[in-house]
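Next come the chains, spelled out residue by residue.
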There are 2 protein chains.
Amino acid sequence: MNSDEFRAAGHRLIDWIADYRATIESRPVMAQTEPGAIKAKLPATPPQHPESFDAVLRDLDTIVLPGITSWQHPRFFGYFPSNGLYASLLGDYVSSGLGVIGLAWQSSPALTEVEEVVVDWMRQMLGLSDRWSGVINDTASTSTLVALLCARERTTNYGLARGGLQEEAAPLVVYATAHSHSSVEKAALLAGFGKRHVRIVPHDSSHAMRPESLENMIKDDIADGLKPCAVVATTGTTTTTALDPLAAISKVARAHGVWMHVDAAMAGSAMILPECRWMWDGVEGADSVIVNAHKWLGAVFDCAVYFVRDPEHLVRVMSTNPSYLQTAADGRVKNYRDWGLPLGRRFRALKLWFLIREQGVEGLQERLRRDIGNAKWLEQEISADPQWKVLAPVVLQTLCVRHEPPGLQGDALDKHTLGWVARLNESGAAYLTPAMLDGQWMVRVSIGAELTEREHVAQLWALMRQHAS
Amino acid sequence: MNSDEFRAAGHRLIDWIADYRATIESRPVMAQTEPGAIKAKLPATPPQHPESFDAVLRDLDTIVLPGITSWQHPRFFGYFPSNGLYASLLGDYVSSGLGVIGLAWQSSPALTEVEEVVVDWMRQMLGLSDRWSGVINDTASTSTLVALLCARERTTNYGLARGGLQEEAAPLVVYATAHSHSSVEKAALLAGFGKRHVRIVPHDSSHAMRPESLENMIKDDIADGLKPCAVVATTGTTTTTALDPLAAISKVARAHGVWMHVDAAMAGSAMILPECRWMWDGVEGADSVIVNAHKWLGAVFDCAVYFVRDPEHLVRVMSTNPSYLQTAADGRVKNYRDWGLPLGRRFRALKLWFLIREQGVEGLQERLRRDIGNAKWLEQEISADPQWKVLAPVVLQTLCVRHEPPGLQGDALDKHTLGWVARLNESGAAYLTPAMLDGQWMVRVSIGAELTEREHVAQLWALMRQHAS
């Protein structure tokens, strides 16, 4: 494909994407396809000879599109909003078009310096003090792994440079609640801690960590000869948007030299609203924080912004310095390869830079406030219906709800819940995620897709009643 | 930005990218900028109000472009080729445009099934048997970390589900050579092994691992009460494209129950050429292999294809299964979230799918053969000049060379080498990476950017002589 062919194909593709998004409301939200059906339509062997762009575009329409669950749909209320605003797409297109790799500052200075600037913009937007330094990672899962590795190395005084984790006498312990994201336990296990040393700290009735329980567990572990290493606190848990009390947790963490990581992957976006910042009061006492700009905020996936208090420690844990990566500029510049797991890095800052500039901070704030207002509205509607229950405080844009017809409970109620949500999802009219809460299935309504207006939330509420009754 | 504004801006941006690439030869290869100069041109605080797309595009031209080191330039001979062919850009643009996330098969079935098909195409193209299963990761660094974590868990029989690495009595050991990529040691340290348990296996005069030394080290470690865990063998080392003898290494690894990971991040692309497959003869005896489709092959970064022999083991190490990720399709489908570190996943398969279809296997093969031919040509030119030395076998597209004027050696020779390559790089006419080989600086010439033709290699050779003399 030469330059002119790219222009022609590129223009067609831009229109294809605009058409997809402009007509998205008429499409089913959840893909209506059976396991293996898409694979069966694709050749099992690679093409020996070039195919035309027309053929590829045709397969996009007939094979790929029907197999897509539309996260950008205005009636997508599943998992979490994963907005990719147009401006952010364009920023990412430039990144691919330039095709530069950030191995070192010198390997593309703008890649590093725009990232430095834009993550500092994010810091300011989130209301974090200037004692934080940021870097863009792919995901919160990876960032939490980085945080726990850094915790491990601080606690062991860089055991990795000696005999590694096996030579540490006292077992290291990590603390979180049962409502922490699944990636927290995964990261702890991958970092080598072992399930036996991952403590589930009790939570209160709002599903938030009890700091006094944390303190007691830490003291017990110390008394037992173990070494408390890290606590992961969550601002806005996945299931219910519970808010772990960061100020109290950080006091406990500091008193015992425990690393504190704050998982604000989803709810962190809301910290651009001054009226929401009470939710992570105490965050300044943490050692690391993760906020996913690729969720509610609107930067197309992947764009996780990871903040640390001690970048020198991060670099000491992550750095490598082979001769082929050394340049004359080293020492005067940031080499972000030493701030995370991968060596190679895309120019990810562009999509965030484009997004913030095209929206302005006020544009982003306005949309998030709209979504919070829609969630409040739905909460009122549901609360007014005696057959429905709102099961957790509606802090931001996620509701935990259940249809509870008289007489139904236990397994029968679970069957009813999973039944109506499956029917609704299969209808293609909207998409919701069921989840367990306190031992019983319920349904999460996660509001905040870019295109979701009040009318779509009202449509969802009608659909919920229709499919549940 | 609404749909029509996106069409207009998108078309302009496609043209901007086509213009950048069409005029790339007239630009300097290495960015001619000082540390901090780009940052100084950007506002230190985020914009409160929306800015126009014109303003963003203007900054792209005046601030970002001058700060770019052009990896797509036909006279880019640094690091490794990081080709992003037009077709692959378009595939990635669709991925961003759709904005879907692969948390589970159901969260976008096509994302999973196209990936299954296209990684299997890659497997066939590379000549691997059907006993391998593949998945797309971001980078080789991450994939090597995954491999060593899987090795750790196989050796400890899933210690992560019990007390973790600290409860293992015998220290685990990892083996590689001094010519392994820097990410190997980094991954070993992050996986908890500790520097003391990372063995540097001696290499022969071609910088390839000595399997008999590996065997002796393993035996010594066992005798000392340690537990050999993993060996990382490289097909095409970063510095010299050295080829570790996989067949002999796998024999040793199997005899001692040691996990064998093959790092073919760069040279793996060449395995689509049947005449090159002798280079990784014995690869079938490995447990895991990484090939970066985002290097020479031409899929825009990031697109690392990771192959394993035992996907069930991989899933057992990586899986999480919280209620909010469970769907009715589980058990009948692949949930790729359990095949690697991150939970969220982009639709990365599209860029590889577009690339392979637009090029055809033969198109990809033809370009790689062109590059190998260009490397052979340059090798002959350089070998014919008595002042120049080719320091390692030219196996693929990388040459290790040094200008050795009579009488110069030791530090003086190093100073000369670093001097002329810095002058050449700073001129903007071409870009090369210096590296250490056997204690002395030399220069790597890595051929294989998409636009690099014989004439550009000839221009480079003239520039090298000019700046060295």
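It should be emphasised that the depicted structure is a prediction, and the values quoted were computed from it without experimental measurement.

Cut-offs applied
Residues numbered from 1 in each chain as written. Chains lettered and ligands numbered in written order. Predicted model: local features only at pLDDT ≥ 70, side-chain atom pairs only at ≥ 80, totals over all residues. Heavy atoms only, no water. Contact = heavy atoms within 4.5 Å. Buried area = accessible area lost by both parts, 1.4 Å probe. Salt bridge = Lys/Arg side-chain N within 4 Å of Asp/Glu carboxyl O. Polar contact = N/O pair within 3.5 Å; in protein donor to acceptor, adjacent residues only side chain to side chain. Helix = DSSP H or I, 4+ residues; strand = E, 2+ residues; numbered from the N terminus. Nonpolar A, V, L, I, M, F, W, Y, C, P; charged D, E, K, R; others polar. Core = buried A, V, L, I, M, F, W, Y, C linked by side-chain atoms within 4.5 Å. Buried < 20%, exposed > 50% of the residue type's maximum accessible area, 1.4 Å probe, protein only. Pairing = 2+ DSSP bridges. Axes fitted to C-alpha atoms, helices over the stretch in contact; angles between N-to-C directions. Expected span 1.5 Å × (residues − 1). Least-squares fit on C-alpha atoms with pLDDT ≥ 70 in both. pLDDT = per-residue confidence, 0-100. Phe/Tyr/Trp six-rings, centres within 6.5 Å; stacked < 30°, edge-to-face > 60°. Lys NZ or Arg CZ within 6 Å of the ring centre and 35° of its normal.

Participant: Teacher, can you tell me more about the interface of chain B and chain A here?
Facilitator: Accessible area lost upon the coming together of the parts is a frequently used measure of interface size. The partner chain A presents 154 residues to the 154 residues of chain B that form the contact. Approximately 13,300 Å² of surface area, both sides summed, lies buried where chain B meets chain A, with 63% of it carried by carbon and sulfur atoms. Together, Gln166(B), Tyr324(B) and Arg357(B) form the three largest contributors to the area buried by chain B at its contact with chain A, with a combined 7%. Remark: the boundary between chain B and chain A carries 17 salt bridges. The salt bridge partner of Glu116(A) is Lys39(B), with a shortest N-O separation of 2.7 Å. Summed over the shared surface of chain B and chain A, the result is 86 residue pairs in polar contact (both at pLDDT 80 or more). Top contributing element to the side of chain B that touches chain A by residue count: helix 1 (residues 3–22) of chain B, with 16 residues. A breakdown of the residues in the side of chain B that touches chain A according to their chemical character gives 82 nonpolar, 43 polar and 29 charged.

Participant: How should the nonpolar core be read in this particular structure?
Facilitator: In summary, soluble globular proteins display a tendency toward joint burial of nonpolar side chains. The biggest cluster of nonpolar side chains holds 299 residues, and the ones touching the most others in it are Leu352(A) and Leu352(B). Those residues in contact with Leu352(B) that lie beyond four places of it in its chain are Val118(B), Met122(B), Ile136(B), Ala293(B), Leu297(B), Ala299(B), Cys303(B) and Val305(B). In terms of nonpolar packing, the next biggest core, distinct from the first, is built from 23 residues, Trp388(A), Val401(A), Ala429(A) and Leu432(A) among them.

Participant: Where do I start with the side chain of Thr139(A) in this structure?
Facilitator: One can find Thr139(A) in the loop between strand 2 (133–137) and helix 6 (140–155). Owing to a relative accessible area of 4%, Thr139(A) belongs among the buried residues under this scheme. Side chain to side chain, Thr139(A) and Asp138(A) meet in a polar contact 3.4 Å long. Engagement of the side chain of Thr139(A) in a polar contact is seen with the side chain of Thr142(A), the distance being 3.0 Å. Sequence-distant contacts of Thr139(A), defined by excluding residues within four places in its chain, comprise Asn292(A), His294(A), Phe301(A), Ala304(A), Pro342(B) and Gly344(B).

Participant: Would you mind showing me how to read the sheet that holds strand 10 (residues 398–403) of chain B here?
Facilitator: Strand pairing within a sheet occurs via backbone hydrogen bonds; the two strands may be parallel or antiparallel. All names here are of chain B. Spatially, 1-11-12-10-9 is the arrangement adopted by the five strands of the open sheet, whose pairing is mixed. Both edges of this open sheet fall to strand 1 (76–77) and strand 9 (388–390), since each of them pairs with a single strand only. Pairing between strand 9 and strand 10: three bridges, direction antiparallel. By the bridge assignment for strand 10, Val390 is matched with Val401. The strands touched by helix 13 (residues 454–468) are strand 1, strand 9, strand 10, strand 11 (431–437) and strand 12 (440–446); relative to strand 9, the strand with the most contacts, the crossing angle is about 130 degrees.

Participant: Help me understand helix 5 (residues 109–126) of chain A in this model?
Facilitator: Turn by turn, an α-helix covers 3.6 residues, leaving residues three or four places apart pointing in a common direction. All names here are of chain A. Here helix 5 spans 26 Å end to end across 18 residues, near enough to the 26 Å set by a 1.5 Å rise per residue. By the criterion of burial, helix 5 is predominantly enclosed, with 16 of the 18 residues buried. Where helix 5 ends, the next residue or the one after it, Gly127, has phi of about 80 degrees, a positive value.

Participant: Help me understand unusual backbone geometry in this model?
Facilitator: Peptide bonds are trans in most cases, and residues, glycine excluded, mostly fall at negative phi. Of note, the amide linkage connecting Phe301(A) to Asp302(A) takes the cis form, showing an omega dihedral of 10 degrees. Structurally, Asp302(A) can be placed in the loop between strand 7 (288–292) and strand 8 (304–308). A positive phi angle is found at Thr241(A), which is not glycine, with a value near 60 degrees. You can see Thr241(A) is positioned in the loop between strand 5 (227–234) and helix 9 (246–255). Residue Asp438(B) is not a glycine yet carries a positive backbone phi of 50 degrees. Among the structural elements, Asp438(B) can be located in the loop between strand 11 and strand 12. The exposed category is assigned to Asp438(B), whose relative accessible area is 62%.

Participant: Please clarify how the relation of the copies chain B and chain A should be interpreted in this entry.
Facilitator: Relating one copy of the chain to the other takes a rotation about an axis and a shift parallel to that axis. Mapping chain B onto chain A calls for a rotation angle of 180 degrees and an axial translation of 0.0 Å; the resulting RMSD is 0.0 Å. With respect to symmetry, the two chain copies, as superposed, fit the operation of a two-fold axis. For chain B, the minimum C-alpha distance to the rotation axis belongs to Gln166(B) and amounts to 2.2 Å.

Participant: Where do I start with the sheet that holds strand 7 (residues 288–292) of chain B in this structure?
Facilitator: Residue and element names in this part refer to chain B. In space, the seven strands of this open sheet follow the order 2-8-7-6-5-3-4, with mixed pairing throughout. One side of each edge strand has no neighbouring strand; the edge strands of this open sheet are strand 2 (133–137) and strand 4 (198–201). Shown here is a sheet whose adjacent strand axes are inclined to one another by a mean of 20 degrees, direction ignored. In this structure, strand 2 lies alongside strand 8 (residues 304–308), joined through five bridges in antiparallel fashion. Residue pairing across strands places Val135 opposite Tyr306, the latter belonging to strand 8.

Participant: Could you clarify how one ought to interpret the pairing of strand 7 of chain B in this entry?
Facilitator: Two faces belong to every sheet, and in a regular strand the side chains alternate between them. Residues and elements named next belong to chain B. The element strand 7 is extensively covered by neighbouring structure, given that five of its five residues are classed as buried. Of the two faces of strand 7, the one holding Ser288, Ile290 and Asn292 and the one holding Val289 and Val291 are both buried throughout. Relative to strand 7, strand 6 (residues 259–263) runs parallel, the two sharing three bridges. Residue pairing in the sheet places Val262 in a bridge with Val289 of strand 7.

Participant: What should I look at first to understand the confidence of the model for chain A in this one?
Facilitator: Predicted coordinates in regions of low pLDDT should not be interpreted in detail. Predicted confidence across chain A gives a mean pLDDT of 97, with 100% of residues reaching 70 or more. Interface scoring of the predicted complex returns ipTM 0.97; its pTM is 0.97.

Participant: What is the right way to read the pairing of strand 7 of chain A from this model?
Facilitator: Relative to strand 8 of chain A, strand 7 of chain A runs antiparallel, the two being bridged by five bridges. Opposite Asn292(A), over in strand 8 of chain A, you have Ala304(A) as the bridge partner.

Participant: How do you make sense of the packing of aromatic side chains when you look at a structure like this?
Facilitator: Two descriptors summarise a pair of aromatic rings, namely the distance from one centre to the other and the angle between the planes of the rings. Tallied over the full model, the rule gives 25 aromatic pairs over all chains. An angle of 70 degrees between the planes, with centres 6.4 Å apart, marks the rings of Phe53(A) and Phe354(B) as edge-to-face. Taken as a pair, Phe53(A) in helix 3 (residues 53–64) and Phe354(B) in helix 11 (residues 349–383) lie in two separate chains rather than in one. As far as the burial class goes, Phe53(A) and Phe354(B) line up, both buried. For Arg316(A), the ring lying beneath its charged end belongs to Tyr158(A), and the centroid distance is 3.6 Å. Sitting over the ring of Trp353(A), Arg357(A) keeps its end group 4.9 Å from the ring centre.

Participant: Just to check I follow, could you spell out the environment of Leu145(B) for this structure?
Facilitator: Mapped onto the elements, Leu145(B) comes out in helix 6 (residues 140–155). Between the alpha carbons of Leu145(B) and Leu341(B) there is a distance of 9.3 Å; along the sequence they are 196 residues apart. Excluding anything up to four places from it in sequence, Leu145(B) contacts Leu145(A), Leu341(A), Ala187(B), Leu190(B), Ala191(B) and Leu341(B).

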